[in-house]
There are 4 protein chains.
Amino acid sequence: MTDAKIPYSLNSKAVAEATRLWLQKRGVTLQEIAELVMLLQKKYYPNLTMEECIHNVEMVLSKREVQNAVLTGIQLDVLAEEGKLFAPLQDMIENDEGLYGVDEILAFSIVNVYGSIGFTNYGYVDKLKPGVLERLNDKTTGQIHTYLDDIVGAVAAAASSRIAHRKQAEREQELGLPHAPEDAEEAARRSSLENTEPE
Amino acid sequence: MTDAKIPYSLNSKAVAEATRLWLQKRGVTLQEIAELVMLLQKKYYPNLTMEECIHNVEMVLSKREVQNAVLTGIQLDVLAEEGKLFAPLQDMIENDEGLYGVDEILAFSIVNVYGSIGFTNYGYVDKLKPGVLERLNDKTTGQIHTYLDDIVGAVAAAASSRIAHRKQAEREQELGLPHAPEDAEEAARRSSLENTEPE
Amino acid sequence: MTDAKIPYSLNSKAVAEATRLWLQKRGVTLQEIAELVMLLQKKYYPNLTMEECIHNVEMVLSKREVQNAVLTGIQLDVLAEEGKLFAPLQDMIENDEGLYGVDEILAFSIVNVYGSIGFTNYGYVDKLKPGVLERLNDKTTGQIHTYLDDIVGAVAAAASSRIAHRKQAEREQELGLPHAPEDAEEAARRSSLENTEPE
Amino acid sequence: MTDAKIPYSLNSKAVAEATRLWLQKRGVTLQEIAELVMLLQKKYYPNLTMEECIHNVEMVLSKREVQNAVLTGIQLDVLAEEGKLFAPLQDMIENDEGLYGVDEILAFSIVNVYGSIGFTNYGYVDKLKPGVLERLNDKTTGQIHTYLDDIVGAVAAAASSRIAHRKQAEREQELGLPHAPEDAEEAARRSSLENTEPE
């Protein structure tokens, strides 16, 4: 837990920007992640647009828990690429060792941000490796994406879960159902914004 | 994943209300959960108020993932109290069997909603059983709270994590730091509210 | 944690037998689960036999953590089939509601028993629904398998992870590599058996 | 998943030895971890010996999943100590940032190896920081143990869960109960050992 007295101070914006920057440096665009989301969700929501998919990917990436996992994973990939990890960790990450599962563990901390309904989508794209995931898995490039590969799939799965939650809220509003809990949260948030309180 | 075509339709408000109702029926007040939050957090935030604690407990309880776990856990407690589970599940839940850990698993799905920083707080209150948790653990009442006990601790731990995230945002605003990502999300949400979009 | 003084006493054999019995009652055979394992693993181990797959499914099912999840999940399915849960939990489980994810949470506690490398396999079979999973997902039978469906996929994924660990041990033995840690555990276990110690 | 055809070959013994070596290099002894286990378990098992605690810690450390987490966590600590991570990850790990939870995530992958019953014990020692954990948390030494601190608590919690499972098996044997499932696994393992098969 944070202790308010220590001089070090977290700069949340720097963490968010580093996340975006490092994804870009490692060659992954939001558009590509959004394409995975579209692939996973168009069957359920035929009218889903790429703009919505991109927006939901951005919202997932705005979560601190997700940023921590993205930065830690990319850092380990980069260090493995530079050969700077100690053996045998170097070997395991460099070779995407099947019995090394810490990459999956970080990926799961991302999926979990929108709950367990994303587990299935994560496993599915991680197995089939569509789109950007195929490129990240190409072992002939000299680049190492042992972590990023799983992380990108996890961000897409989390964005899919977020869409499922939002679409349900939309549906209930259209049916004229009384405000759902998420609306209550929003109302609370809106009033707190009006009072310029941080929450 | 939801299929938009089936006639059954989820009523989110009913789920939210059932959650609140069943907590009440089982004798747990928001005030009591908020007291656990205060116990966990006052050391870090001396100015924390009970109103803030209650508000954060409410926000945790407004999450669908949390509602699902609360309802499922209480249902199993109630059925065990009525002796309606099949042996040996009946015995294990009735006796809060040490090697039965599904209650901890549901509790963890609640803690996870605000990320891994809540793990420690959950374990701490679950071990020490302060306040309401002591009452829920009293095995002499005839009531069975094998699940609810862990669930209440988990809601308190999740609310503590939520507070830690919000307090950091406050601190950064006071320091005049550029808007953090959570603010960005809020701005997006506010503008969508103005356009009466559901997200 | 277990308190040695309470009169109630867990009977592990009864838990193990109930697990096997209830899987059978709900129409799932070990053979069918083993077929999912074969589907997931034959690509990696062309010589894998059905006997090995069945053996690994049995080993997964011998774990207490797995038995707890299987029994709890099947109990909830059965109660939903009998209409005995309180609304709205009854509706959500009866209709395999997309935003209800407690079934996935239980499934994950099973996959986790052999570590994170099973996450991908679980998601994959849960999405594609091959073999027995297709039957469990048939919503026209009147039976409810909201939990069992995910549980069976999870047992198959866990057995796949177990095979991956064992095959690596075999490979290292063939290469004449010094004994791996799992061997050390086995040696310890063997000597303890000789001394008729419980571990 | 491992592909049997690639030239890289995992050396499990090297992974196990590196785990033990790095714990030692970072100043943590098995004895110290065992003392945490004793602290957590002596209340439940008054006759528990330090030898048993050490043995159970060793068994936890023989698990691949645990070794992966230990090595990855220590690697990140060491790199942070050397100032070799990119900002802002460097800052967050160096300062044990409260909103950075990847250390807890790795710790949980360790606890999970013996199931959810260890969650509580982990949170408890992580909050109270007894024994070795107090030393690892001393921020005045120049050493960084952001990960190791949580990892050591997690190994102790997992060893506690292992003990709970074994003690139950002992109890049932003493009561003359028919062989429990773990015995079945052991019998299978013993016969496979007699046939010099790897499993």
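Analysis parameters
Residues numbered from 1 in each chain as written. Chains lettered and ligands numbered in written order. Predicted model: local features only at pLDDT ≥ 70, side-chain atom pairs only at ≥ 80, totals over all residues. Heavy atoms only, no water. Helix = DSSP H or I, 4+ residues; strand = E, 2+ residues; numbered from the N terminus. Buried < 20%, exposed > 50% of the residue type's maximum accessible area, 1.4 Å probe, protein only. Contact = heavy atoms within 4.5 Å. Areas by Shrake-Rupley, 256 points an atom, 1.4 Å probe, with all protein chains shown as cover. Phe/Tyr/Trp six-rings, centres within 6.5 Å; stacked < 30°, edge-to-face > 60°. Axes fitted to C-alpha atoms, helices over the stretch in contact; angles between N-to-C directions. Parallel < 35°, antiparallel > 145°, perpendicular 65-115°, else oblique. Left-handed = near helix turned anticlockwise from the far one by under 90°. Salt bridge = Lys/Arg side-chain N within 4 Å of Asp/Glu carboxyl O. Least-squares fit on C-alpha atoms with pLDDT ≥ 70 in both. Buried area = accessible area lost by both parts, 1.4 Å probe. Polar contact = N/O pair within 3.5 Å; in protein donor to acceptor, adjacent residues only side chain to side chain. Nonpolar A, V, L, I, M, F, W, Y, C, P; charged D, E, K, R; others polar. pLDDT = per-residue confidence, 0-100.

If you check an unreviewed UniProt entry, chain A appears there as Phosphatidylglycerophosphatase A from Paenibacillus tritici.

Peer 1: Explain the overall build of chain A here, please?
Peer 2: Within chain A one finds 10 helices and zero strands. Secondary structure of chain A in N-to-C order comes out as α-α-α-α-α-α-α-α-α-α. By the burial criterion, 65% of the 199 residues in chain A qualify as buried. By sequence separation, contacts in chain A at least 24 residues apart represent 71% of the contacts at least 6 residues apart. For chain A, the exposed surface amounts to about 7300 Å²; the carbon and sulfur share of it is 51%.

Peer 1: Got a minute to help me understand the packing of aromatic side chains in this structure?
Peer 2: Pairs of aromatic rings are described using the distance from one ring centre to the other and the angle between the two planes. According to the stated counting rule, one finds 26 aromatic pairs over all chains in the structure shown. Residues A:Phe108 and A:Tyr122 carry aromatic rings whose centres are separated by 5.3 Å and whose planes lie at 85° to one another, so their mutual orientation is edge-to-face. Linking A:Phe108 in helix H6 (residues 102-111) with A:Tyr122 in helix H7 (residues 119-128), this pair joins segments that are 14 residues apart in sequence. Residue A:Phe108 is classed as buried on the basis of its relative accessible area of 5%. Taking the centre distance of 6.3 Å and the plane angle of 80° together, the rings of B:Tyr100 and B:Tyr147 count as edge-to-face. With B:Tyr100 in the loop between helix H5 (89-94) and helix H6 (102-111) and B:Tyr147 in helix H9 (residues 146-174), the pair connects residues that are 47 residues apart, well separated along the chain. B:Tyr100 sits in the buried class, given a relative accessible area of 1%. Since its relative accessible area comes to 0%, B:Tyr147 is described here as buried.

Peer 1: Would you mind going over the packing of helix H2 (residues 30-41) of chain D against helix H3 (residues 50-61) of chain D with me for this structure?
Peer 2: When two helices pack together, their arrangement is given by the angle between their axes and by how far apart the axes lie. All names here are of chain D. Interaxial distance between H2 and H3 falls to 8 Å at its minimum, and their mutual angle equals 110°. Taken together, the axes of H2 and H3 are roughly perpendicular relative to one another. The handedness of the crossing between H2 and H3 is right-handed. Two secondary-structure elements touch here, H2 through Leu30, Gln31, Ile33, Ala34, Glu35, Val37 and Met38 and H3 through Met50, Cys53, Ile54, Val57, Glu58 and Leu61.

Peer 1: For this particular structure, what's the right way to read the pattern of salt bridges?
Peer 2: If the charged atoms of two oppositely charged side chains come close together, the side chains can form a pair. Counted according to the given criterion, the structure contains 40 salt bridges over all chains. C:Asp149 serves as the salt-bridge partner of C:Lys129, at 2.9 Å between the closest nitrogen and oxygen. Here C:Lys129 is found in the loop between helix H7 (119-128) and helix H8 (132-136), whereas its partner C:Asp149 is found in helix H9 (residues 146-174), with 20 residues between them in sequence. Residue class for C:Asp149 comes out buried when judged on its relative accessible area of 2%. When salt bridges with common partners are traced through the structure, they connect A:Glu52, A:Lys167 and A:Glu170 into a single cluster.

Peer 1: Which parts of the structure should I look at to understand the relation of the copies chain A and chain D?
Peer 2: Two copies of a chain can be linked by a rotation about an axis combined with a shift along that same axis. When chain A is fitted to chain D, the best match, at an RMSD of 0.0 Å, comes from turning it 180° and sliding it 0.0 Å along the axis. The two molecules are tied by a two-fold rotation axis, judged by turn and shift. Taking C-alpha positions as the reference, the residue of chain A nearest the rotation axis is A:Ile105, at 3.7 Å. Mapped onto chain D, 100% of the interface residues of chain A are again interface residues, and the two copies thus contact each other with one and the same surface.

Peer 1: Before we go on, may I ask you to explain the packing of H7(A) against H7(C) in this structure?
Peer 2: Here H7(A) crosses H7(C) at 100°, and the two axes come no closer than 7 Å. In terms of their interaxial angle, H7(A) and H7(C) are classed as roughly perpendicular. For the pair H7(A) and H7(C), contact is made by A:Phe119, A:Thr120, A:Asn121, A:Tyr122, A:Gly123, A:Tyr124, A:Asp126, A:Lys127 and A:Leu128 and by C:Phe119, C:Thr120, C:Asn121, C:Tyr122, C:Gly123, C:Tyr124, C:Asp126, C:Lys127 and C:Leu128, respectively.

Peer 1: Whenever I open this one, the interface of chain A and chain D confuses me. Can you help?
Peer 2: The accessible area lost on association of the parts is a frequent measure of interface size. On the chain D side, the residues contacting the 34 residues of chain A number 34 residues. Carbon and sulfur atoms supply 71% of the area that chain A and chain D bury against each other, a total of about 3200 Å² over both sides. Three residues stand out in chain A for area buried against chain D, namely A:Tyr8, A:Gln75 and A:Phe86, and they jointly supply 20% of the buried area on that side. Scanning the region where chain A abuts chain D turns up zero salt bridges. The interface formed by chain A and chain D contains eight residue pairs in polar contact (both at pLDDT 80 or more). Of the residues contributing to the side of chain A that touches chain D, the split by class is 22 nonpolar, eight polar and four charged.

Peer 1: What is the right way to look at the side chain of B:Thr72 in this model?
Peer 2: Inspection of the secondary structure assignment puts B:Thr72 in helix H4 (residues 64-81). Within the structure, B:Thr72 has its side chain in polar contact with the side chain of C:Tyr100 (distance 2.8 Å). Each residue touching B:Thr72, except ones within four places of it in the same chain, is listed here: B:Leu106, C:Leu76, C:Leu89, C:Tyr100, C:Val102 and C:Tyr147.

Peer 1: Help me understand H6(B), please; the structure alone is not making it clear to me.
Peer 2: Since one α-helical turn is 3.6 residues long, residues separated by three or four positions face the same way. Extensive coverage of H6(B) is indicated by the burial of 10 of its 10 residues. Buried within H6(B) we find B:Val102, B:Asp103, B:Glu104, B:Ile105, B:Leu106, B:Ala107, B:Phe108, B:Ser109, B:Ile110 and B:Val111.

Peer 1: Got a minute to help me understand the environment of A:Ile163 in this structure?
Peer 2: All names here are of chain A. Note on placement: isoleucine 163 falls in helix H9 (residues 146-174). A relative accessible area of 1% places isoleucine 163 in the buried class. Counting along the chain gives 122 residues from isoleucine 163 to glutamine 41, while the straight-line C-alpha distance between them is 8.4 Å. In contact with isoleucine 163, other than residues within four places in its own chain, are Val37, Gln41, Tyr45, Leu48 and Asn56.

Peer 1: I'm lost on the confidence of the model for chain A in this one. Help?
Peer 2: Keep in mind that low pLDDT regions are not for reading the predicted coordinates in detail. Per-residue pLDDT for chain A averages 87, and the proportion of residues at 70 or more is 85%. Note on residues 179-199 of chain A: pLDDT is under 50 here. Beyond four places in sequence and across chains, it has 40 contacts.

Peer 1: Can you walk me through helix H7 (residues 119-128) of chain D in this structure?
Peer 2: Extensive coverage of H7(D) is indicated by the burial of eight of its 10 residues. Those residues of H7(D) not exposed but buried are D:Phe119, D:Thr120, D:Asn121, D:Tyr122, D:Gly123, D:Tyr124, D:Val125 and D:Asp126. Where H7(D) is buried, its residues touch H6 and helix H7 (119-128) of chain B together with H2, helix H6 (102-111), helix H8 (132-136) and helix H9 (146-174) of chain D.

Peer 1: Sorry, what's going on with unusual backbone geometry here?
Peer 2: With the exception of glycine, most residues fall at negative phi, and the peptide bonds are largely trans. The omega torsion across A:Ala87 and A:Pro88 is 0°, close enough to zero to call that bond cis. Positionally, A:Pro88 belongs in the loop between helix H4 (64-81) and helix H5 (89-94). The phi dihedral of B:Lys129 falls on the positive side, at around 50°, and the residue is not glycine.

Peer 1: Quick question: what am I supposed to make of the side chain of A:Thr72 here?
Peer 2: Here A:Thr72 falls in the buried class, since its relative accessible area comes to 1%. Reaching out from A:Thr72, the side chain makes a polar contact with the backbone oxygen of A:Asn68 at a distance of 2.7 Å.

Peer 1: Mind showing me how you'd approach the environment of B:Tyr147 here?
Peer 2: Taking the C-alpha atoms as reference, B:Tyr147 lies 5.1 Å from B:Gly73; in sequence the two are 74 residues apart. Filtering out sequence-adjacent residues up to four positions away, B:Tyr147 remains in contact with B:Gly73, B:Leu76, B:Asp77, B:Ile93, B:Tyr100, B:Val102, B:Asp103, B:Leu106 and C:Thr72. Reaching out from B:Tyr147, the side chain makes a polar contact with the side chain of B:Tyr100 at a distance of 2.6 Å.

Peer 1: What am I meant to see in the environment of D:Val125 here?
Peer 2: Inspection of the secondary structure puts D:Val125 in helix H7. With 86 residues separating them in the primary sequence, D:Val125 and D:Leu39 have C-alpha atoms 9.4 Å apart.

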